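Spelled out from the first residue to the last, the chains are:
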Amino acid sequence: MSEEIVSVTAAEAACLIKIDEELCTGCRRCAAVCPVDAIEGEKGQPQTIRQDRCVICGQCVQICSAYASIFDEDIAPREQKMAERGLLPSVKEPLFAAYNRGDAGKVKAALADSQLVTMVQCAPAVRVAIAEEFGLPFGSLTPGQMAAALRRVGFKRVYDTNFTADLTIMEEGSELIQRVTEGGTLPMFTSCCPAWVKYVEQDYPELIPHLSSCKSPQQMAGALFKTYGAKVDGIGAERVFSVSVMPCTCKKFECDRPEMADSGYRDVDVVITTRELAQLIKDAGIDFANLPEEEFDKPLGTYSGAGTIFGVTGGVMEAALRTGYELITNEAIPELSIDFVRGGEGVRKASVQVGDLTLKVAVVSGLKNVKTVMEQVKAGKADFHFLEVMTCPVGCVSGGGQPKVVLPADKPTAYTNRTANTYRHDENLPVRKSHDNQDVQNLYKAFLGEPLGHESHHLLHTKYTARK
Amino acid sequence: MNTNLNAFVVADPNKCIGCKVCEVACSVAHTDKETLTVGMIDTPVIGKLYLVKTAAVTMPVQCRHCEDAPCAQVCQEGAIIQTNGKIIINEEECIGCKTCLMACPFGAIDIVPVYKNGEAVTQTGLMVETKDGLVEKGLAVASKCDLCAERAGGPACVSACPEKALELVVPKQEKKRRNINAALNLLDSVKKFIG
């Protein structure tokens, strides 16, 4: 796997997150949460984002409270701001200074285009938060209603990122075992968080070989939609319009990475956030709270509990251990709920006895917390085999694209509830380990062959770009 | 004779960072539906405290719940009275004449549009000329801080401020606290040179 040295321009980052200088009061709460110190400006003056530093995590968007008042005559009209931000005209919510680019309009247009076959995937974190935008309590678990809403909005295939989360475990678990047994680059880093990947590329490009070569579940799904997905439906790949709903603003950056086109087309055409999906659903006049529960489509929509816990910090690690343990020892892991990798923001380390191997793992959430770990790795002093990093405070459930909590005092409750219901969803699913996902097994048999095989390598693995 | 003075919320300009969370919290505390997330807010954010941001000072200002409230004294409709130690505007009686707005030396009163069930309430009896012809004028009434009379936990702005810059001042308690501190400080200074 080689690295290319490429310099990133602001254009390439596509200015996905901006601060409206007409609204910004210079309180700098955004600067305080920015994990890469990308926000600059004097106190009390409008702030600006350094696009070369920004990892597009969207935590600034989540915290910004400087809203556009109807009484302010010195600012551009609301309609103009909404158009600039790519918001659907039907959106009624207040506008704040820090915002991400909106892409719901592109999805709405694709849904109306009868030539296109729209396929959609939603991240695990979306199903424990989207209902909040419809008045339900924090963390309400509504995967069935989410699937029903996606169908009524017009998506032809309602697939799921959790399916490819299971697939990622198959590939990444195999890759980890390979690195451990064959002396590959260790520790291995997870690569599903695109803001973390960008951070490695720009701040620690020499550590790029540590990143798993696996794509994120989002990108694996996109590549499959336009190959296997098109094949299964008997349609040309050029007719597939691939949409992803994410709790994350950086996924909009990830889907536009030049190399994410292994299907021969843009593997993911558009990413919208949880908030934007709620806006689309309201725009279509759908009463979310009263929808019946529906299933996801096969063959790319079924998932295990291990797949769904990707949405919380420690989830990828726990899912990997549930499968890795069995792959190595040929026995099921004695306790499925691996409590010692669960937790809140910070750094957690643990060892797991896997047969003869003492597997040492580390989990970081909140990108600011990763620096000391990176310095250890750089100095050759890392005492662990596998590192999971999530940029956002408690993982994707606290992502930059999630429903924005109005009152600061409610944030901990929102995060706690979204996390708890993610684990509850896992506990109540019939299948709890990625390798037990029958549709994943069928995908290997019918299409991919085996983990890390030729087809997997072509569609499900990727390269990174030094950005220093 | 009741000698209690009305409590009021005041901001510390040394702590305020101008983030406007207080205005947002105030607005949602006075909306008829629960809005835990921004996506649930479907009417304009209208607070009853107003951030002042100039080169010299950054802080919100709001009603003092005056003992001799001039707004109440000038209201022709008798829409402003004191209940439970708070100066409250009865929006149903308000005609939007703006006399109270002019009487308040703090500028604590604004005349704001009324929303019900996500829609602006309009007046069938008052048409306004617009570029699209005559339309019903939106209803607007006087609005000011009500110390979150109907909110368990008291003033929403105080709870929400991330810098703890807002404080609910209970004058009688505050005066007593300062008197005690003053006396203690004097005692300390005297001890130093008498022993």
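Residues numbered from 1 in each chain as written. Chains lettered and ligands numbered in written order. Predicted model: local features only at pLDDT ≥ 70, side-chain atom pairs only at ≥ 80, totals over all residues.

**What about the overall build of chain B?**
Note the following rule: Numbering goes from the N terminus for both helices and strands, where a helix is a DSSP run of H or I of at least four residues and a strand is a run of E of at least two. Atoms counted for the radius of gyration: C-alpha only. Globule rule: 2.2 Å times residue count to the power 0.38. Around each residue's C-beta, the other C-beta atoms within 10 Å are counted; 20 or more make the residue buried, 12 or fewer make it exposed, and counts in between make it partly exposed. All C-beta atoms are placed from the backbone. Throughout, a residue-residue contact means that the two C-beta atoms, derived from backbone geometry, are no farther apart than 7 Å.
The helix and strand inventory of chain B stands at 5 helices and 12 strands. In terms of C-alpha radius of gyration, chain B reaches 21 Å, well past the compact-globule figure of 16 Å for 195 residues. For chain B, the residues scored as buried account for 33% of the 195 residues in total. Sequence-distant contacts, at least 24 apart, represent 62% of the contacts inside chain B between residues at least 6 apart.

**Considering the interface of chain B and chain A**
For the record, the criterion: Under the scheme applied, nonpolar residues are Ala, Val, Leu, Ile, Met, Phe, Trp, Tyr, Cys and Pro; charged residues are Asp, Glu, Lys and Arg; polar residues are all the others, including Gly.
Each partner contributes to the interface: chain B provides 24 residues, whereas chain A provides 27 residues. Elements supplying a minimum of two residues to the side of chain B that touches chain A: α1 (21-29) and α4 (156-160) of chain B. For the side of chain B that touches chain A, the element with the highest residue contribution is α1(B), accounting for 4 residues. Its residues assigned to classes, the side of chain B that touches chain A comprises 14 nonpolar, 6 polar and 4 charged.

**Things to note about the domain arrangement of chain A**
Residues and elements named next belong to chain A. So the rule is basically this: For the purposes of this description, domain bounds are those given by an automatic or database domain assignment.
Taken domain by domain, chain A holds domain 1 (17-100) and domain 2 (157-466). The C-alpha-based centres of domain 1 and domain 2 are spaced at 29 Å. Between domain 1 and domain 2, the residue contacts involve 14 residues of the former and 17 residues of the latter. Top contributing element to the side of domain 1 that touches domain 2 by residue count: helix α3 (residues 59-63), with 3 residues. Its residues assigned to classes, the side of domain 1 that touches domain 2 shows 9 nonpolar, 5 polar and no charged.

**Side note on the packing of helix α7 (residues 161-182) of chain A against helix α9 (residues 217-233) of chain A**
All names here are of chain A. Rules: Note on definitions: angles span 0 to 180 degrees between N-to-C directions of axes, and those axes are lines fitted to C-alpha atoms, for helices only across the stretch in contact. Orientation categories follow fixed angle ranges, with anything under 35 degrees roughly parallel, anything over 145 roughly antiparallel, 65 to 115 roughly perpendicular, and all other angles oblique.
The N-to-C vectors of α7 and α9 enclose an angle of 105°; their axes lie 8 Å apart at closest approach. Between α7 and α9, the interaxial angle falls into the category roughly perpendicular. On the side of α7, the interface is formed by Thr-161, Phe-163, Thr-164, Ala-165, Leu-167 and Thr-168, while α9 contributes Pro-217, Gln-218, Met-220, Ala-221 and Leu-224. When the residues that make up the contact of α7 with α9 are grouped by side-chain class, the tally is 7 nonpolar, 4 polar and no charged.

**Observations regarding unusual backbone geometry**
Cis geometry marks the peptide bond from Leu186(A) to Pro187(A), where omega comes out at -5°. By the element assignment, Pro187(A) lies in the loop between α7 and β8 (188-189). With an omega of 0°, the peptide bond between Lys298(A) and Pro299(A) qualifies as cis. At Lys20(B), a position not held by glycine, the phi torsion is positive, near 70°. Inspection of the secondary structure assignment puts Lys20(B) in the loop between β1 (8-11) and α1. With phi around 55°, Asn117(B) is a residue other than glycine that occupies positive phi space. Inspection of the secondary structure puts Asn117(B) in the loop between β7 (115-116) and β8 (119-120).

**Quick notes on the sheet that holds strand β10 (residues 270-273) of chain A**
Residue and element names in this part refer to chain A. Stated precisely, the cut-off is as follows: Should DSSP find at least two bridges between two strands, the strands are regarded as paired.
Reading across the sheet, the 4 strands line up as β7-β6-β9-β10 and stay open at both edges, with parallel pairing between neighbours. In this open sheet, the two edge strands, each paired with only one partner strand, are β7 (157-158) and β10. Direction of pairing for strand β9 (residues 240-246) relative to β10: parallel, over a ladder of 4 bridges. Looking across to β10, one finds that Ser-244 is bridged to Val-271. Here helix α5 (residues 104-112) sits on the sheet in contact with β6 (117-122), β9 and β10, set at roughly 120° to β10.

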